[in-house]
Amino acid sequence: MTRAGRTYVVLTVGVGLGALNTGNNLLYLVLGLLLSMIVVSGVLSERCLNGLRVRRLGADAVYAGEPCSFRWALSRKRGHGFALSIAEHGVPLTGEGAAPWVQPGVDYVVRARVTAPRRGPIRLGAVRITTLWPLGLFAKTRVVPLEGLLLVYPRRGYACRDPSEAEQGPVGESSTARRLDGTGDVAGLRELGPQEDARRVHWLKSATAGKLLKVEREREERLTYMLTVPAGLTGEALEHQCEEVAALAHRLLEAGHEVGLELPGERLRPGAGTAQERRILQALAWVGFDKEREEVAA
Amino acid sequence: MSPVRLRLLLRDLASGAAFGSMAISGQLPVWTLALYFLALAVALLGLRPFASSPRLTAALLVPVAATLYLLVAAGQLDLVLAACSFAGLISAQRLLSAPGPGSDGQVLLIALLMIAGGAALSADLLFSLFLVAFTATASLSMGLGVVQASAESEPVPPRRVLSPLSLGLVFAVAGAVAFFFLFPRLSWNVGARRPGASVGVATTGFSDTVQLGGTGVLKSNPRTVLRASLTPDPRAERLESYWVGRTYDAFNGREWTSTTSPMRRALRLNPELRQPGRWRDQVTQRVELLPAYGSRTLILLEQPLYVGNSTALSPAGQQPAPAQEATGEELRFTQPAASYLYSAYSRRPDSPRPVPLELEPQERAQLLSLPPGLDPRVAALARQVVGGTQDPLEAARRLAEYLQREYAYTLELAEAEDPLVDFLFVRKAGHCEHFASALTLMLRTQGFPSRLATGFFGGERVGEGTYIVRAGDAHAWTHVLVPGRGFVTVDATPSSNRSSQASPLLERLLALYEAAEERWRSSVIDYTFRDQFNFVRELVRPPRQRPQEEERRSSLPPARAWGVALLVGAAAYAAWLLLARRLPAQRPVEATRFIEVAERRLASAGLHPREGESVEELSTRLASQGHPVASSLAPLTRRYLEARFGNRPLRPGEARHLLRTLERSLEQLRRPGSPPPSP
């Protein structure tokens, strides 16, 4: 019941008491109308939720503690649905989406800013659909069973530690362990940073400019890193490690390096690009949830 | 009109309807009405002048509340009226403030309170219209508000929202009516308040004199001033009865006055007749003088015998209303009130038993008195018409017939120095007072005691034994004293001009309204627990009709048949709903129908999608598995998605072509030696 609904009910009781007190037939008529409106409101709400179909479209990526765009598709074969709100039911996901009007025969995609509180798999069992239609006095809710699995990636926080040394030897996508010169045409010149390889200095231009300038090529150097989540970590330490590894992997992959992942009982070979980042995040999301993983695989 | 503007318009109209339900009682202070309607007009124009300073304008309500309190404390304003007025002014302030979810809710909440106030103040039929108008506009406004709050930037066509709500409203009103009639009418009767008068002002009134001349505007007034239930039921559509208010025995040439001593007349009612049922020739009346009557004089059928059980109906409730006798046999209530209710018994006009009457010599002399300087032509004319008869009743009848035959009826008369002479010898036209005055004075010139009586003539049937009398039925006639019979009524006015002279169209419209009003009063305002009991009893055990009623019985089926038909209809509708759910419903979109055919064919070939797997996911899975059907399923799926969501409908024959391709792939799959379908 909404706040307006509580006021309405109090007023209805007041009118009822007034009718009983005074015997005024018009107050009985008003009371009848108020009560009828409650019944009609319930029936219209029910009709609004009846026959409503929901499909979970999900989100591209869900990170723990970060809002993401989560989507559902609502449809109905006949009749219109109004003032609907939708949210996942029975799971620790905050946020709900709103659908002002669902027409018959047309899918309505509802988007919501949803936040998952923790990393790992979340079993989705049902979707909760609520409507305030028609008068906004009462909220009618229907829980639609809809099985699903949401894998929440670790939060990509700040990586405190620098990555370990790059791998030596032919690993990952590179044929050589170190390929510091980059490939392709010269893309530009920029000042040499601290700890950058001096072999990339363009001496002629540096001499002209009076400072060390580094050559940048179309494809810059790519290093190979193996990130590790050591075995034996639990609780906060494990979460922290996963977050740090996720952040580190993101940073390295963004820089164009190849990144692999060493987990207890699982190893991801180094790779580059967004697909590799997705694989790393998925692997990190499952760390510590072996039992659930086996159940899903089964 | 934008949806938001429409919502606000409906909200403002709902508030207006709620205030109107109070305003029709006619009891709210005029300044309250003026302030509210001004605010409503400004709000309906879309202007919100209080939006910039809501707190300051809300503070203005404090002195208003103080003023109302002082009026209540001084006894100049009823507490309920003060509360209703204040609610109206709060609503006005909210109407002019910035719209929003908060102020919308407040406006509608106050409107609901005003509706409750209107129920306490008014019993008029118009209240029902305002109630329905409020319900409709408030609900539609709330419905639009709910959708608009959900939509934010996404507009929803109001027509889509209002359509299902309107249907719901019809059911709500029907439910309210059912609740009203079926909910046990229990009442503690604490703080009961009688609803007040309706719109308009009183139209009639009795004065101590009757002046001849002037234009008769009252005869064209169709407002109802009196409602009476008569026992036994005369069963006539129009009554030919005289409802007497008072009599006059002295005429000075221009106006009639009364000289009769009130104290003597008060004792004239026979004590034996005061007991109901002792007199078989009596007509029992339960009379309600309505607010439009506007006088305290009791109106009774001619030859009243007993008056009692009188009650004054005022906004404060019902109170006993004592009456005292004034001059001219007038009975007058001592307290002013909006309306009165009383019982009376009168002798039936055709009763053979005389009413005992004793007159003092001076009273008899007064009934023969003539105005000084009466034109001798009056007596000469009377003598000529009466002839030599000595029977006062016969003489009166001859004179009445002569006047009806020779004189015209008109309501438009100019002022004359001697109205009677002007009527009899100059214009030869006049209204009922001229006819009655002429007859009375002509009788007196021939030595027959007589007097003028005023009241109402007629009555329209509006229900079982119930009649109404209109303001236009006001009338004047003559009482002639007949030895052994007392005063006998003789009417010189042409019979067609005795009752209301209102426009037929106006009268018909008003009759319709009053019939509805009568039904409203009997079925709603005066609906009691006893009525409920009778209603339920008649449903359970219908009363056996008397032979006369059977003769008059309508050709329509009885109520039970309607009830059974309603039940059968409801059952048929329920069955149809059930069947409609079981039978395949018509698909709203061609693409949906198309993909369902494809799914059925895939299923017939053993290609079932996994749980929760859509057709596009199935297509992707089969393609990844290198399934032979994938090549034909992929374009089909793509075209389905384009047609369903991409606004690229299927071309004529395209669905058939795609399905045929799929069918060919499936046939190959079914051939022996082909790979088994994946689960």
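Relevant structure appears above.
Since this is a predicted model, take the numbers as computed values, not measurements.

Quick notes on the rules
Residues numbered from 1 in each chain as written. Chains lettered and ligands numbered in written order. Predicted model: local features only at pLDDT ≥ 70, side-chain atom pairs only at ≥ 80, totals over all residues. Heavy atoms only, no water. Patch = residues over 30% accessible without salt bridge, like charges linked within 9 Å, V, L, I, M, F, W, Y side chains within 5 Å. Areas by Shrake-Rupley, 256 points an atom, 1.4 Å probe, with all protein chains shown as cover. Salt bridge = Lys/Arg side-chain N within 4 Å of Asp/Glu carboxyl O. Helix = DSSP H or I, 4+ residues; strand = E, 2+ residues; numbered from the N terminus. Buried < 20%, exposed > 50% of the residue type's maximum accessible area, 1.4 Å probe, protein only. Axes fitted to C-alpha atoms, helices over the stretch in contact; angles between N-to-C directions. Parallel < 35°, antiparallel > 145°, perpendicular 65-115°, else oblique. Contact = heavy atoms within 4.5 Å. Nonpolar A, V, L, I, M, F, W, Y, C, P; charged D, E, K, R; others polar. Pairing = 2+ DSSP bridges. Polar contact = N/O pair within 3.5 Å; in protein donor to acceptor, adjacent residues only side chain to side chain. Buried area = accessible area lost by both parts, 1.4 Å probe. Expected span 1.5 Å × (residues − 1). Arc of directions from axis to C-beta.

For the rest of this paragraph, the subject is a nonpolar patch on the surface. Residues and elements named next belong to chain B. Together, Leu182, Phe535, Val536, Leu539 and Val540 line one region of the surface with nonpolar side chains, adding up to about 490 Å² of accessible area. With four residues, helix H16 (residues 529-540) is the single largest residue contributor to the nonpolar patch. One can find valine 536 in helix H16. You can call valine 536 partly exposed: its relative accessible area is 42%.

Turning our eyes to something else, we now look at the packing of helix H11 (residues 376-386) of chain B against helix H12 (residues 392-406) of chain B. All names here are of chain B. Packing of H11 against H12 brings their axes to within 9 Å, and their N-to-C directions diverge by 110°. With respect to H12, the axis of H11 lies roughly perpendicular. Across the interface between the two elements, Leu381, Ala382, Val385 and Val386 from H11 touch Ala395, Arg398, Leu399 and Tyr402 from H12. Residues belonging to the contact of H11 with H12 are distributed by class as follows: seven nonpolar, no polar and one charged.

It is worth spelling out the pairing of strand E3 (residues 242-248) of chain B at this point. Residues and elements named next belong to chain B. Of all seven residues in E3, seven are buried; the element is thus mostly enclosed. Here E3 runs beside strand E15 (residues 450-457); their pairing, made up of six bridges, is antiparallel. Looking at E15, one finds that valine 244 is bridged to glycine 455. Alignment of E3 against strand E7 (residues 300-301), held across two bridges, turns out to be antiparallel. Bridged to tryptophan 243 within E7 is leucine 301.

All names here are of chain A. Mapping threonine 22 onto the fold places it in helix H1 (residues 3-22). Exposure remark for threonine 22: the relative accessible area of 18% places this residue in the buried category. A polar contact of 2.8 Å, which involves the side chain of threonine 22, links it to the backbone oxygen of glycine 18. A distance of 3.1 Å separates a polar atom in the side chain of threonine 22 from the backbone nitrogen of asparagine 24.

On to unusual backbone geometry, then. Of note, the amide linkage connecting A:Trp133 to A:Pro134 takes the cis form, showing an omega dihedral of 5°. Along the chain, A:Pro134 turns up in the loop between strand E7 (120-131) and strand E8 (140-153). With a phi angle near 60°, B:Gln303 is a residue other than glycine that sits in the positive phi range. By secondary structure assignment, the location of B:Gln303 is in the loop between E7 and strand E8 (304-314). One non-glycine residue, B:Asn309, lies in positive phi territory at about 50°. Within the secondary structure layout, B:Asn309 lies in strand E8. The class for B:Asn309 is exposed, based on a relative accessible area of 55%.

Here we come to the interface of chain A and chain B. The interface is formed by 46 residues belonging to chain A together with 57 residues belonging to chain B. Interface area, chain A with chain B, both sides summed: about 4,200 Å², of which 73% is carbon and sulfur. Our count for the contact surface shared by chain A and chain B stands at zero salt bridges. There are seven residue pairs in polar contact (both at pLDDT 80 or more) connecting chain A and chain B. If you list the elements that add at least two residues to the side of chain A that touches chain B, you get H1, helix H2 (25-49), strand E4 (81-89) and strand E5 (97-102) of chain A. Examining the composition of the side of chain A that touches chain B, we find that 15 residues originate from one element, H2(A), more than from any other. Taken together, the residues that form the side of chain A that touches chain B break down as 31 nonpolar, 11 polar and four charged.

Moving on to helix H4 (residues 61-73) of chain B. Residue and element names in this part refer to chain B. End to end, H4 covers 18 Å across 13 residues, agreeing with the expected 18 Å (1.5 Å per residue, within 8%). Residues of H4 that are buried: Leu61, Val64 and Leu68. All buried residues of H4 project into a common sector of 60° when viewed along the axis, lining one side. Facing away from the buried surface of H4 by more than 90 degrees, the exposed residues are Val62, Tyr69, Leu70 and Ala73. Contact partners of the buried residues in H4: helix H2 (30-44), helix H3 (54-59) and helix H5 (79-95). Positive phi shows up at glycine 75, right after H4, with a value of about 80°.

Just geometry here; none of it tells us what the structure is for.
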